[in-house]
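So the chains spell out like this:
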Amino acid sequence: GAGVSQSPRYKVAKRGQDVALRCDPISGHVSLFWYQQALGQGPEFLTYFQNEAQLDKSGLPSDRFFAERPEGSVSTLKIQRTQQEDSAVYLCASSHSVMTGRETQYFGPGTRLLVL
Amino acid sequence: DQQVKQNSPSLSVQEGRISILNCDYTNSMFDYFLWYKKYPAEGPTFLISISSIKDKNEDGRFTVFLNKSAKHLSLHIVPSQPGDSAVYFCAASVIGGGADGLTFGKGTHLIIQP
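This structure is a prediction, so every number in the text was calculated from the model and none was measured.

## Side note on the overall build of chain B
On a plain count of helices and strands, chain B comes out with zero helices and eleven strands. From first element to last, N terminus to C terminus, chain B shows the α and β order β-β-β-β-β-β-β-β-β-β-β. The C-alpha atoms of chain B give a radius of gyration of 14 Å, which matches the 13 Å a tight globule of 114 residues would have. Projected onto its principal axes, the C-alpha positions of chain B cover 40 × 30 × 20 Å. Contacts in chain B between residues at least 24 apart in sequence constitute 55% of all its contacts with a sequence separation of at least 6. The distance from the centre of the 10 positive side-chain charges to the centre of the 10 negative ones in chain B is 3 Å.

This is the structure:
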């Protein structure tokens, strides 16, 4: 079946521009995560949704970052007034059930964002 | 401060031999550990996991060992194959800890030499 998909795969933005990154999780998956992966680093947690509810946004680096999942399926990560330090790969992951720590997260291919 | 550490950025192993990737963690609340494999331009793919009630989990060529007292885990791949060349991430979570997501190490680039 289809895995997690993300679009666009690559995005070049000028500093100060707003960007929107889309994630389509595996159909029926309840949990959805966003991660940020800087060059040479492991993915770092940004935010978590259980269905449409954003239960944890402690990893969002600033108030320029905003995520939503209004109907409990597709999610959008929005970055306002992009800065060069926002350049990274943004990964989306989904999991079948409510996170208790044991469920496997399935990752999308990521969106590579470059801010000039 | 890195809670999950993979101290070897890269590892080169001859095809057919054993690959051993290491991971250390500092947070004693972690009780579930996972290994992910990542090819260039793809997302991480789940490989194998282990909970803290076990010290070993095996799946085909892949075995993960957990030493809780040393806060250390390792992934063994035997025999190593060319398709195993990838970046391997160690990740940890707290069972029942809510929605904090996974904490990842920086990854180890495994290169299998023919």
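## A look at the state of the cysteines
All names here are of chain A. For the coordinates displayed, the defined rule picks out two disulfides over all chains. There is a disulfide in this structure between C23 and C92, and the S-S distance comes to 1.9 Å. Disulfide C23-C92: the torsion about the S-S bond is -65°, which places it as left-handed. Of the two residues, C23 sits in strand 3 (residues 19-24) while C92 sits in strand 9 (residues 88-95), which places them 69 residues apart along the sequence.

Conventions we followed
- Residues numbered from 1 in each chain as written.
- Chains lettered and ligands numbered in written order.
- Predicted model: local features only at pLDDT ≥ 70, side-chain atom pairs only at ≥ 80, totals over all residues.
- Heavy atoms only, no water.
- Helix = DSSP H or I, 4+ residues; strand = E, 2+ residues; numbered from the N terminus.
- Rg over C-alpha atoms; globule rule 2.2 N^0.38 Å.
- Contact = heavy atoms within 4.5 Å.
- Lys, Arg positive; Asp, Glu negative; His and termini not counted.
- Charge placed at Lys NZ, Arg CZ, Asp CG, Glu CD.
- Disulfide = S-S within 2.5 Å.

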